[in-house]
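Now for the letters of each chain:
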Amino acid sequence: MIQFLCAALVFVELASTADSFTISSLGVARQSGCSLRQRCSNGQTYEGAIPMNGAGNEQNGIDDPTTQSILNQALLSVDTCTKLHQKFLNNENGSNEQERIVFIDASWWHKGDWNGRKMFEDGPRIKGSYYIDIDDISSKFDLYPTLNPKNLPHMMPPSDLFAAFMDEYNISNQDHIIIYGRETVLFTPRTWFMFKSFGHDPARIHLMQGSLEEWIAVGGAIERHCITVPKAEDIILNRQRSNAQTLNYIASKYASYVCSMEDVLNTIDDETHKNKEDSNYMIIDSRGSSFVKGCIPNSCHVPYSKLMDPNNTLKLKSKNNLNQVFMEAGVNPCTDKMIICSCGSGVSACTVFLALEQCGRNMKDQPTFVYDGSWSEWGNESNVPKVSS
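Residues numbered from 1 in each chain as written. Predicted model: local features only at pLDDT ≥ 70, side-chain atom pairs only at ≥ 80, totals over all residues. Heavy atoms only, no water.

With respect to topology, five strands assemble into an open sheet ordered E10-E16-E15-E11-E12, the strand pairing being parallel. Two strands close off the open sheet at either side, each with one partner strand: strand E10 (258-259) and strand E12 (299-301). In this structure, E10 lies alongside strand E16 (residues 368-371), joined through two bridges in parallel fashion. Across the sheet, the residue bridging to Cys 259 is Tyr 371, located in E16. Strand contacts of helix H11 (residues 349-358): strand E11 (281-285), strand E15 (338-342) and E16, with the helix running at about 145 degrees to E15, the strand carrying the most contacts. (Pairing = 2+ DSSP bridges. Helix = DSSP H or I, 4+ residues; strand = E, 2+ residues; numbered from the N terminus. Contact = heavy atoms within 4.5 Å. Axes fitted to C-alpha atoms, helices over the stretch in contact; angles between N-to-C directions.)

One open sheet accounts for five strands, arranged E3-E8-E7-E4-E6; its pairing is parallel. Of all the strands in the sheet, just strand E3 (75-77) and strand E6 (130-131) have a single pairing partner and so form its edges. For strand E4 (residues 101-105) and E6, the ladder comprises two bridges, and the chain directions are parallel. Across the sheet, residue Asp 105 finds its bridge partner in E6, namely Tyr 131.

Running from N to C, helix H10 (residues 319-328) and H11 point in directions that differ by 115 degrees, and their axes come no closer than 9 Å. When you trace H10 past H11, the crossing you get is left-handed. Contacts from Lys 319, Leu 322 and Phe 326 of H10 reach H11 at Val 352, Ala 355, Leu 356 and Gln 358. In the contact of H10 with H11, the residues fall into five nonpolar, one polar and one charged. (Left-handed = near helix turned anticlockwise from the far one by under 90°. Nonpolar A, V, L, I, M, F, W, Y, C, P; charged D, E, K, R; others polar.)

Here it is in structure tokens:
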């Protein structure tokens, strides 16, 4: 069955001659023959991006929220989200009838036995919401062995697989996406980054600053009946059986803001004659205590836990506090240097990416990337440089 899926059903484009795209070892399309900085300067990596300039840190709530009032607000309070949800349940949009709000549960834990998919299926969950499983919507080895030959965890998916899930969930490019999670979840920014990377309007991608449990406590609408979340192989098979040739959701051909091990290695090689202060790039490693055991040379250590509210893992710190965390680590969030965000497996690096944007970093003009393979890849390679902190 798996061989059949791989041979007959994988519908990612392996090459586009007109645009000179290839598939990197990470399983995401990227432009060939260009350095990271060249990919930024030609404008393609950042096509469609809207700089946030730190304006999206909405923590206190909006009295009468509409789809227009939340544009460019990446962070939304639980209060704002519940009011918006109720308006749409009551068909009180107050703006363009074509604009919808879609809630996405992104509950995922990197440790322990908690299973976000099963918890979502069993309920409770926000009424009408969908679930994004970053382990399933990925370039996983059993479906995409040529895209992820190293069998790395939860790598960015092929764009067509992402778009197929959007179609399955009836999500359009014009929808507002509000991502939430359960208590103790740390990594909802990874799902936020996935939408941003595949070209969803960044002004319409939001993170609820609080948990499902807080939502329930203030009377937000929920549902408790059991459902089944579709799996990637089912989506692929269903499209094959129905002979589906097109996708309604338009995703970028390649994932923006993502770089490979080769990109990082080439960047380091280009700068080997410079020290950290004089180089044209910075690497931010967001792992916790494991950072001291080994890291990419010239990495700055910014643990992801320092970016979150100590009392709520789903709330990002204020802009001022985020700036302080970065500055104490020797990072100017608005530097013109290229910044590469790395971590254990490409998940918490997305929290750093989000925090940099909230501090005012202009992702259109100030090149910033997430190294998707991160230490899961780099740490297991014998021919790349490593240092102990």
